[in-house]
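Here is what each chain is made of, one letter per residue.
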Amino acid sequence: PDASRMILSGVNNLDGLSTSQTVVVILDEGETLTINNCNLHGGIVVWAPNDYNLRDGARNVIEVTSSNVGTGSDPHIGLMAPASQVGGSGGGLNFHGLCFWNSIHDLDGAHITGALIVINEIVACDQLNLNGHPQTLANMPDGISFQGEGDGIDFLVAGEDYEED
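Thresholds applied
- Counting restarts for each chain, with residues numbered from 1 along the sequence as it is written.
- A pLDDT threshold of at least 70 governs which residues receive local features in this predicted model, and a stricter bar of 80 or more applies before side-chain atom pairs are shown or counted, although totals over entire chains, interfaces and linings include all residues.
- Note: side-chain values were computed over all heavy atoms of the structure, leaving out hydrogens and water.
- The pairing criterion is simple: DSSP has to find at least two bridges between the two strands.
- Helix and strand labels come from DSSP, where a helix needs a run of H or I of at least four residues and a strand needs a run of E of at least two; each type is numbered from the N terminus.
- A 1.4 Å probe rolled over the protein chains alone gives each residue an accessible area, and that area as a share of the maximum for its type sets the label: buried under 20%, exposed over 50%, partly exposed in between.

Draft legend 1. A look at the pairing of strand E12 (residues 110-118). Pairing between strand E11 (residues 93-108) and E12: nine bridges, direction parallel. Residue pairing for E12: Asn-94 is matched across the bridge by His-111. Summarising the sheet, E12 and strand E14 (residues 129-132) pair through four bridges and their orientation is parallel. Pairing of Ile-112 across the sheet is with Leu-130, part of E14.

Draft legend 2. Quick look at unusual backbone geometry. One non-glycine residue, Ala-124, lies in the positive phi region at around 55°. Mapped onto the elements, Ala-124 comes out in strand E13 (residues 122-126).

Draft legend 3. Layout of the pairing of strand E8 (residues 60-65). Residues Asn-60, Ile-62 and Val-64 line the buried face of E8, whereas the alternating positions Val-61, Glu-63 and Thr-65 sit on a face that is not buried. Looking at chain direction, E8 and strand E10 (residues 77-88) are connected through five bridges and run parallel. Bridged to Val-61 within E10 is Gln-85.

And the structure:
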């Protein structure tokens, strides 16, 4: 690793961490990562094995409260956790850059500026503010690319479930 990255193993709680490094967290399957009151301007990556099938559902859970994750400039990494279920509440949830998640469960009051990719499902997501960020889409982090023709990403489907009793 170089000075631009902080690699953490055996850590399940980030509380009050402020860094411009990209934080890489290695979790065992089934573990939960809690991020509280952090400023992670280099973004965060939650590692998953190469052979993990993302369609099998979440391998880990991430709970975020009162934190800023990523920045609008390089490396354009928000929360990269394609094998993790993401949730959180309490306000002050700001994600900037590319966010790549397995699923969303109980994410309330989040603000995302950049791009959001969710592999499986979105459940109980209240007051999500999503703003596309052309600089993020035009300058993906190293190792990330989209295949196919054309500019940008097409939004294929959206729906709402009001869960009325």
